[in-house]
Amino acid sequence: MTLSDTLNRPLRDLRISVTDRCNFRCVYCMPKEVFGSNYKFLLHEQILTYEEITRLARIFVSLGVKKIRLTGGEPLVRKDFPDLLAMLAQIPDIDLTMTTNGSLLSRFAQQLKDAGLKRVTVSLDSLDNEIFKSMNDVDFPVEKVIEGMDAAAAVGLAPVKVNMVVKRGVNESSILPMARFFREKGFILRFIEYMDVGHTNGWRMDDIVSAKEIIKIIHAEMPLEPADPNYRGEVAERWRYKDGSGEIGVIASVTQAFCRDCSRARLSAEGKLYTCLFAIKGHDFRDLLRSGATDEEVAQAVEKIWGKRADRYSEIRSENTIPLPKVEMSHIGG
Ligand code: SAM
Ligand code: SF4
Ligand code: SF4
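Position numbers for residues count from 1 along each chain, tracking the sequence in the order it is written. Whichever chain is written first is A, and whichever ligand is written first is 1; the rest continue in order. For this predicted model, a pLDDT threshold of at least 70 governs which residues receive local features, and a threshold of 80 or more governs which side-chain atom pairs are given and counted, while totals over whole chains, interfaces and linings are taken from all residues. Side-chain metrics rest on all non-hydrogen atoms present in the structure, leaving aside hydrogens and water.

**Q** Can you tell me about the packing of aromatic side chains, naming the residues and giving the values?
**A** A pair of Phe, Tyr and Trp rings is counted when the ring centres sit within 6.5 Å of each other, with Trp represented by its six-membered ring. The angle between the planes then sorts it: under 30 degrees is stacked, over 60 is edge-to-face, the rest tilted. Scanning the entire structure with this criterion turns up eight aromatic pairs. Relative to Phe41, the ring of Tyr39 lies with its centre 4.6 Å away and its plane at 65°, an arrangement referred to as edge-to-face. Tyr39 sits in the partly exposed class, given a relative accessible area of 31%. For each residue, the accessible area found with a 1.4 Å probe, counting protein chains only, is set against the maximum for its type, and the residue is called buried under 20%, exposed over 50%, and partly exposed in between. According to the relative accessible area criterion, Phe41 is buried, its value standing at 15%. Consider the rings of Phe182 and Phe187, whose centres lie 6.1 Å apart with planes at 20°: the pair is stacked. With relative accessibility at 1%, the residue Phe182 sits in the buried group. Overall, the relative accessible area of 9% leaves Phe187 in the buried class. Chaining the aromatic ring pairs together yields one cluster made of Phe24, Phe132 and Phe140.

**Q** Give me the site of ligand 1: which residues, what numbers.
**A** If even one non-hydrogen atom of a residue comes within 4 Å of a molecule or strand, that residue is called near it. Of all residues adjacent to ligand 1, which total 20 residues, the nearest are Gly73, Thr99, Ser123, Met195 and Met329. Within the backbone of Met195, a nitrogen or oxygen atom sits 2.8 Å from a nitrogen atom of ligand 1. In this description, accessible areas are obtained by the Shrake-Rupley approach with a 1.4 Å probe, and a residue is regarded as covered only by the protein chains that are shown. In isolation ligand 1 has 550 Å² of accessible area, and contact with the protein removes 95% of it. Counting residues per element, the ones that place at least two in the shell around ligand 1 are strand E3 (95-100), strand E5 (161-166) and strand E6 (188-193). Residue composition of the shell around ligand 1, by class: eight nonpolar, 10 polar and two charged. Two N or O atoms form a polar contact when they lie within 3.5 Å of each other; inside protein one atom must be a possible hydrogen donor and the other a possible acceptor, and for residues adjacent in sequence the pair counts only when both atoms belong to side chains. Numbering of helices and strands starts at the N terminus; helices are DSSP runs of H or I of at least 4 residues and strands are runs of E of at least 2. Basically, the charged four are Asp, Glu, Lys and Arg, the nonpolar ten are Ala, Val, Leu, Ile, Met, Phe, Trp, Tyr, Cys and Pro, and anything else, Gly included, counts as polar.

**Q** Lay out the environment of Leu267 in plain terms, naming residues and giving numbers.
**A** Structurally, Leu267 can be placed in strand E10 (residues 264-267). With 211 residues separating them along the chain, Leu267 and Leu56 place their C-alpha atoms 9.4 Å apart.

**Q** Describe the nonpolar core, naming the residues involved and giving the relevant values.
**A** Grouped together as the largest cluster of nonpolar side chains are 95 residues, with contacts concentrated most on Leu70, Phe81, Leu112, Leu124, Phe191 and Ile218. For Leu112, the residues in contact, after removing those within four places along its chain, are Leu76, Phe81, Pro82, Leu85, Met98, Leu105, Leu117 and Leu157. Counting 11 residues, the second largest nonpolar core, distinct from the first, contains Met195, Ile208, Cys276 and Phe278. Side-chain atoms within 4.5 Å link the members of a nonpolar core, which is a set of buried Ala, Val, Leu, Ile, Met, Phe, Trp, Tyr and Cys residues. Residues are treated as being in contact if the distance between any of their heavy atoms lies within 4.5 Å.

**Q** I'd like to hear about the packing of helix H5 (residues 142-154) against helix H6 (residues 175-185), residue by residue, with values.
**A** In a pair of packed helices, the angle between the axes and the distance between the axes together describe the arrangement. Where H5 contacts H6, the axes come no closer than 13 Å and their chain directions differ by 25°. Relative to H6, H5 is oriented roughly parallel. Helix-helix and strand crossings are classified by hand; for H5 and H6 the assignment is right-handed. Residue-level contacts link Ile146, Met149 and Asp150 of H5 to Phe181, Phe182 and Lys185 of H6. Grouping the amino acids of the contact of H5 with H6 by side-chain chemistry returns four nonpolar, no polar and two charged. Fitted lines through C-alpha atoms give the axes, limited to the stretch in contact for helices. The angle between two N-to-C directions lies from 0 to 180 degrees. Any angle from 65 to 115 degrees is called roughly perpendicular, while one under 35 is roughly parallel, one over 145 is roughly antiparallel, and all others are oblique. Handedness of a crossing is defined here by the sense of rotation of the near helix relative to the far one, left-handed for an anticlockwise turn of less than a right angle and right-handed for a clockwise turn.

**Q** For the sheet that holds strand E2 (residues 67-71), give the residues involved together with the corresponding values.
**A** Two strands qualify as a pair provided that DSSP identifies no fewer than 2 bridges between them. Reading across the sheet, the 12 strands line up as E7-E8-E9-E6-E5-E4-E3-E2-E1-E10-E11-E12 and stay open at both edges, with mixed pairing between neighbours. If you trace the sheet from one side to the other, it starts and ends with strand E7 (224-226) and strand E12 (283-284), each paired once. Pairing analysis gives five bridges linking strand E1 (residues 13-17) to E2, with the strands arranged parallel. Across the sheet, the residue bridging to Leu14 is Ile68, located in E2. Here helix H7 (residues 211-221) sits on the sheet in contact with E5, E6, E7, strand E8 (237-241) and strand E9 (247-251), set at roughly 155° to E9.

**Q** Describe the site of ligand 2, and please don't skip the residues or the numbers.
**A** If you check the shell around ligand 2, you find Cys22, Phe24, Cys26, Cys29, Met30, Gly73 and Asn101 and nothing else. A breakdown of the residues in the shell around ligand 2 according to their chemical character gives five nonpolar, two polar and no charged.

**Q** Explain the pairing of E8 to me, using residue names and the numbers behind them.
**A** Pairing of E7 with E8, which is carried by three bridges, proceeds in the antiparallel orientation. By the bridge assignment for E8, Pro226 is matched with Trp239. The pairing of E8 with E9 spans four bridges and is classified as antiparallel. Opposite Arg238, over in E9, you have Gly249 as the bridge partner. Following E8, the chain reverses through five residues before pairing antiparallel with E9; Gly244 in that reversal takes a positive phi of roughly 80°.

**Q** Which residues make up the pairing of E1, and what values go with them?
**A** Of all the five residues making up E1, five are buried; the element is thus mostly covered by neighbouring parts of the structure. Here E1 shows two buried faces, one formed by Asp13, Arg15 and Ser17 and the other by Leu14 and Ile16. Note on handedness: a crossover is taken as right-handed if, strands pointing away from the viewer, the path from the first strand over the helix to the second is clockwise. Tracing the backbone out of E1, into helix H1 (residues 50-62) and back to the parallel element E2 gives a crossover that is right-handed. As defined by bridge partners, E1 adjoins E10 across four bridges and the pair is classed as parallel. Its bridge partner being in E10, Asp13 is matched across the sheet by Arg264.

So, in structure tokens, the structure goes:
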């Protein structure tokens, strides 16, 4: 079955946020001033149980979803997270993956693999401890994240992908060292343009280092050529090193909006469905599940929401640069 929204886009990807909590306070995502000790995170009874998540995932897959990414917050801080993976891994024919800050990965890599995870994306913004610590804002060292990536690769969670958010004046000096390092290691590094998600990161257009600029910087030292996308709607634009030593990706969410092929839905930890990363309003599925709805009724609710979907925030932003209201990324799931 394939659903189609008002712009003819299918529903193919589901990103599930398993928790709104995180052990980092990345300045561009959960700045300390807002996510401090008084911040009210969701209570355990407010978030979906693993059974509820799995039930919803199965329903989404019956509606055409092919890829499920677990995210957050930091997925590995939720108790017994590998149990959820094991439950989701039972769903046939899906590409199941996760994004993590890597801080707990060396401890969990084997359990994740055993639970049925195939590959993992790890976020790392610099190899320079001073820069990285200033970005994660909890004094977390680079080496521990690399250790986590290596543990993931060693147990076969491959290929390891690395996400680097680039912010002007903060970590642009890390672009080349990161490219060199991960090319050597054979991990796929993806550069992400810093986005205006949420209200709290004080985003300004000037803070972006564009994908074009990033490619130019790397190409000058390590020549690149464009590579074909793996599939329609792939978020990262792929580039290959001309000497055959691997590839990188750039995610130009701001400067080259890719809304026209966007087939992603997001489920927040409390069970709200968002049809765009920048959506202001989510549709509640937790109460629907807890009120005893059948699978058919839940599927119909998804169909109705997707059928009305017209989101194209990033394209509209580039057309008008209107600041529109939105929800925090740590809440909705990156
Ligand atoms: N905690 C996990 C992590 O950091 O990988 C998963 C959740 S995080 C919200 C998912 C991805 O979103 C990370 O790669 C992170 O770097 C990215 N991200 C967060 N805030 C962002 C922003 N303002 N602009 C671009 N990417 C952002
Ligand atoms: Fe946590 Fe990931 Fe957000 Fe950083 S980007 S604060 S690690 S959720
Ligand atoms: Fe998809 Fe919304 Fe991002 Fe556009 S702005 S690519 S519709 S999530």
